[in-house]
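These are the residues of each chain, in order.
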Amino acid sequence: MPRKTDGMLFELHPRPTKGEDGKPLLYARPTTIYKKTMDDVRAKCALHGINSGMIATAFETFMDVCSGWIAEGYRIETPLGVFSPKIKLEGNFTDPSKVKGKDVKYVGIEVTPSKRFVNMVGEKQRGFRRKVAPVGNAQMHDEAFMAEALHRSMKAGFTTIRLFMAASGLKYHSAQRYLNSLCLCENPTLRQQKIGGSLHYFPRRNNQPPRH
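Analysis parameters
Residues numbered from 1 in each chain as written. Predicted model: local features only at pLDDT ≥ 70, side-chain atom pairs only at ≥ 80, totals over all residues. Heavy atoms only, no water. Helix = DSSP H or I, 4+ residues; strand = E, 2+ residues; numbered from the N terminus. Buried < 20%, exposed > 50% of the residue type's maximum accessible area, 1.4 Å probe, protein only. Contact = heavy atoms within 4.5 Å. Areas by Shrake-Rupley, 256 points an atom, 1.4 Å probe, with all protein chains shown as cover. Axes fitted to C-alpha atoms, helices over the stretch in contact; angles between N-to-C directions. Parallel < 35°, antiparallel > 145°, perpendicular 65-115°, else oblique. Left-handed = near helix turned anticlockwise from the far one by under 90°. Nonpolar A, V, L, I, M, F, W, Y, C, P; charged D, E, K, R; others polar. Patch = residues over 30% accessible without salt bridge, like charges linked within 9 Å, V, L, I, M, F, W, Y side chains within 5 Å. Salt bridge = Lys/Arg side-chain N within 4 Å of Asp/Glu carboxyl O. Pairing = 2+ DSSP bridges. Core = buried A, V, L, I, M, F, W, Y, C linked by side-chain atoms within 4.5 Å.

Looking now at the overall build of the chain. The helix and strand tally for the chain stands at six helices and nine strands. Evaluated residue by residue, the chain yields a buried proportion of 23% over its 212 residues. Counting contacts in the chain only where the partners sit at least 6 residues apart, residues at least 24 apart contribute 38% of the total. Carbon and sulfur atoms provide 56% of the accessible area of the chain, an area that totals close to 15,900 Å².

Take a look at the structure:
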């Protein structure tokens, strides 16, 4: 059977629960290395005869207008879906009379896609194909795979925990442990530096002491 070359690329990850064979049950999620930017949106819309500058202006205007409404508590219904404010109560309360405005916090925007948008995606869906990669943290024992993942994640001359997560498929703490181990081993190959609140990992030159 010929290998499938279209459709959504997905990867497998272990769940906390186990199956009858004692192994973790699996779940699928879209491969995270794929992304599109506003430049891609503008280029695609230009093929349909829409001025690329109009697209950027429309998005900026939408955010400017709707952010004020959402800040007031409105739900915004659009062809894409419904945008609504997400709030949470800070602290544990059982008596409604004790809850004040200062006890409520804005935590983000909730987006519920419209049925039309969901159906449009479904109509264009062309099946799925699995990314061939280790499941769970088994890849940590494959030195060649980990070295290649580190190389891919350092295209900018450095890597971060999240960049390395995307390249290696590891979860946050596993990726952090691996990168830290390359800074703290007997012959460290990386040095660690905090920049803008996040840890950056740089290749360590010969005879350069590790930085923390």
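Following the structure, the description resumes.
Between helix α1 (residues 38-46) and helix α2 (residues 52-71), the least distance of the axes is 8 Å, while the angle of their chain directions is 130°. The angle between α1 and α2 places the two elements in the oblique class. In the packing of α1 onto α2, the handedness of the crossing is right-handed. Along its contact with α1, which presents Met38, Val41, Arg42 and Cys45, the element α2 presents Ser52, Ile55, Ala56 and Phe59. Partitioning the contact of α1 with α2 into residue classes produces six nonpolar, one polar and one charged.

Orientation of helix α4 (residues 143-153) relative to helix α5 (residues 161-168), taken along the N-to-C sense of each, is 130°, at an axis distance of 8 Å. As far as their axial angle goes, α5 and α4 are oblique. In this structure, the crossing between α4 and α5 has a hand that is right-handed. Seen from α4, the contacting residues are Phe145, Met146, Ala149, Leu150, Arg152 and Ser153; seen from α5, they are Leu163, Phe164, Ala167 and Ser168. For the contact of α4 with α5, the per-class residue count stands at seven nonpolar, two polar and one charged.

Before going further, it helps to examine a nonpolar patch on the surface. Residues Ile87, Leu89, Phe93, Val104, Tyr106, Ile109 and Val111 make up a contiguous nonpolar surface patch of roughly 640 Å² in combined accessible area. For the nonpolar patch, the secondary structure elements donating two or more residues are β4 (81-89) and β5 (104-113). With four residues, β5 is the single largest residue contributor to the nonpolar patch. Along the chain, Ile87 falls in strand β4.

Next up on the list: the pattern of salt bridges. Per the counting criterion, the structure on display carries five salt bridges. The salt bridge involving Arg29 is made with Glu11; its shortest N-O contact spans 3.2 Å. Of this pair, Arg29 sits in strand β2 (residues 24-30) while Glu11 sits in strand β1 (residues 8-18), and the two are 18 residues apart along the sequence. The shortest N-O distance in the salt bridge between Glu148 and Arg152 comes to 3.8 Å. Of the two residues, Glu148 and Arg152 both sit in helix α4, four residues apart, roughly one turn of that helix. Overall, the relative accessible area of 34% leaves Arg152 in the partly exposed class.

What follows covers the sheet that holds strand β6 (residues 128-130). The mixed open sheet is built from three strands, whose spatial order is β2-β1-β6. Edge positions in the sheet fall to β2 and β6, since each has one partner strand and no second. Recorded for the sheet is a direction-independent mean angle of 45° between the axes of neighbouring strands.

All right, on to the nonpolar core then. The tendency in soluble globular proteins is for nonpolar side chains to be buried side by side. Residues Met146, Leu150, Phe164, Leu179, Leu190 and Tyr201 are the most contacted members of the largest nonpolar core, which totals 16 residues. Among the elements that line this core, the one with the most residues is helix α6 (residues 172-184), at five residues. Once residues within four sequence positions are removed from consideration, Leu179 is found in contact with Leu150, Thr159, Thr160, Ile161, Phe164, Leu190 and Tyr201.

Time to look at the sheet that holds strand β7 (residues 159-160). Strand order in this open sheet of three strands is β7-β9-β8, and the pairing throughout is antiparallel. This sheet does not close on itself; its edge strands, each paired only once, are β7 and β8 (190-195). As judged from the two bridges shared by β7 and strand β9 (residues 198-203), these two strands associate in the antiparallel manner. Within the sheet, the bridge partner assigned to Thr159 lies in β9 and is Tyr201.

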